[in-house]
Amino acid sequence: QVQLVESGGGLAQAGDSLRLSCVFSGGTFSMYHMGWFRQAPGKERESVATISWSRGFPSYTDSVKGRFTLSRDNAKNTVYLQMDNLKPEDTAVYYCAARGRGVQTWNHWGQGTQVTVSS
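Residues numbered from 1 in each chain as written. Predicted model: local features only at pLDDT ≥ 70, side-chain atom pairs only at ≥ 80, totals over all residues. Heavy atoms only, no water.

Q: What is the right way to read the nonpolar core from this model?
A: For soluble globular proteins, nonpolar side chains are generally found buried alongside one another. Ranked by size, the top nonpolar core spans 28 residues in total, and within it Met34, Trp36, Leu81, Met83 and Tyr94 carry the most contacts. Elements represented by at least two residues in this core include exactly strand 3 (18-25), strand 4 (32-39), strand 5 (46-51), strand 7 (68-73), strand 8 (78-83), strand 9 (92-100) and strand 11 (113-118). (Core = buried A, V, L, I, M, F, W, Y, C linked by side-chain atoms within 4.5 Å. Buried < 20%, exposed > 50% of the residue type's maximum accessible area, 1.4 Å probe, protein only. Helix = DSSP H or I, 4+ residues; strand = E, 2+ residues; numbered from the N terminus.)

Q: Please clarify how the environment of Thr116 should be interpreted in this entry.
A: Along the chain, Thr116 turns up in strand 11. Note: C-alpha distance between Thr116 and Trp36 (80 residues apart in sequence) is 16 Å. Setting aside chain neighbours within four positions, we find Thr116 in contact with Gly10, Leu11, Ala12 and Thr91. (Contact = heavy atoms within 4.5 Å.)

Q: Any chance you could explain the side chain of Arg67 here in plain terms?
A: Within the fold, Arg67 resides in the loop between strand 6 (59-60) and strand 7. Among the polar contacts made by the side chain of Arg67, one reaches the main-chain carbonyl oxygen of Ser63 at a distance of 2.9 Å. Setting aside anything within four residues of it in sequence, one finds Arg67 in contact with Gln82, Met83, Asp84, Asn85, Leu86, Lys87 and Asp90. (Polar contact = N/O pair within 3.5 Å; in protein donor to acceptor, adjacent residues only side chain to side chain.)

Q: Mind showing me how you'd approach unusual backbone geometry here?
A: Trans is the prevailing form of peptide bonds, just as negative phi is the prevailing case for residues other than glycine. The backbone of Asn77 shows a phi angle near 55°, a positive value even though the residue is not glycine. Structurally, Asn77 is set in the loop between strand 7 and strand 8. With a relative accessible area of 26%, Asn77 lands in the partly exposed category.

Q: Sorry, what's going on with the sheet that holds strand 3 here?
A: Hydrogen bonding along the main chain pairs the strands of a sheet, whether they run parallel or antiparallel. What the four strands build is an open sheet, ordered 1-3-8-7; its pairing is antiparallel. A single partner strand is all that each edge strand has here, and the edge strands are strand 1 (3-7) and strand 7. Going across the sheet, the axis of each strand differs from the next one's by a mean of 15°, ignoring polarity. Of the pairings in the sheet, the one linking strand 7 to strand 8 comprises six bridges and is antiparallel in character. The residue of strand 8 that forms the bridge with Arg72 is Val79. (Pairing = 2+ DSSP bridges. Axes fitted to C-alpha atoms, helices over the stretch in contact; angles between N-to-C directions.)

Q: Any chance you could explain the packing of aromatic side chains here in plain terms?
A: Two aromatic rings, taken as a pair, are described by how far apart their centres are and by the angle between their planes. Tallied over the entire structure, the rule returns five aromatic pairs. Judged by centre distance (5.2 Å) and plane angle (55°), the ring pair of Phe24 and Phe29 falls under tilted. The exposure class of Phe24 is buried, given its relative accessible area of 2%. By relative accessible area, which is 2% here, Phe29 ends up buried. For the pair Phe24 and Tyr32, a centre-to-centre distance of 5.0 Å together with 55° between the ring planes defines the contact as tilted. Each member of the pair Phe24 and Tyr32 is classed as buried. (Phe/Tyr/Trp six-rings, centres within 6.5 Å; stacked < 30°, edge-to-face > 60°.)

Q: Mind showing me how you'd approach the pattern of salt bridges here?
A: Counting across every chain of the model gives four salt bridges. Of the charged contacts, one joins Asp62 and Lys65 as a salt bridge, the two residues approaching to 2.9 Å between their closest N and O atoms. Classification of Asp62 by relative accessible area gives exposed; the value is 60%. With relative accessibility at 49%, the residue Lys65 sits in the partly exposed group. In this structure, Asp90 engages Arg67 in a salt bridge whose closest nitrogen and oxygen atoms are separated by 2.7 Å. Of this pair, Asp90 sits in the loop between strand 8 and strand 9 while Arg67 sits in the loop between strand 6 and strand 7; the two residues are 23 residues apart in sequence, bridging distant segments of the chain. Accessibility classification places Asp90 together with Arg67 in one group, the buried group. Members of the salt-bridge network, linked through shared partners, are Arg38, Glu46, Arg67 and Asp90. (Salt bridge = Lys/Arg side-chain N within 4 Å of Asp/Glu carboxyl O.)

Shown next, in the form of structure tokens:
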């Protein structure tokens, strides 16, 4: 059973940096697409950044391009989201997600970690 455990959220001020980590277990990490999603209060969950199982270039939502960097370390079964120049609108619960090769939906989710950015 795939399990995802996020860490690294917290309080930050505008312009600060945070790094989120997500540790994967229960499967062959290198065979999974990985992603970070977020959900702000009163809003739908949105994709922030994703990376394929083959470690191609990450894909980012426009609002975080140039500020966030997604990376994966297959040796550590971990995916990271480096968040720089944080803005108040980045405030949300951030979720790590995984889907296997050939699977079209994100079907494994972490419990989420809160990121709060004050102005």
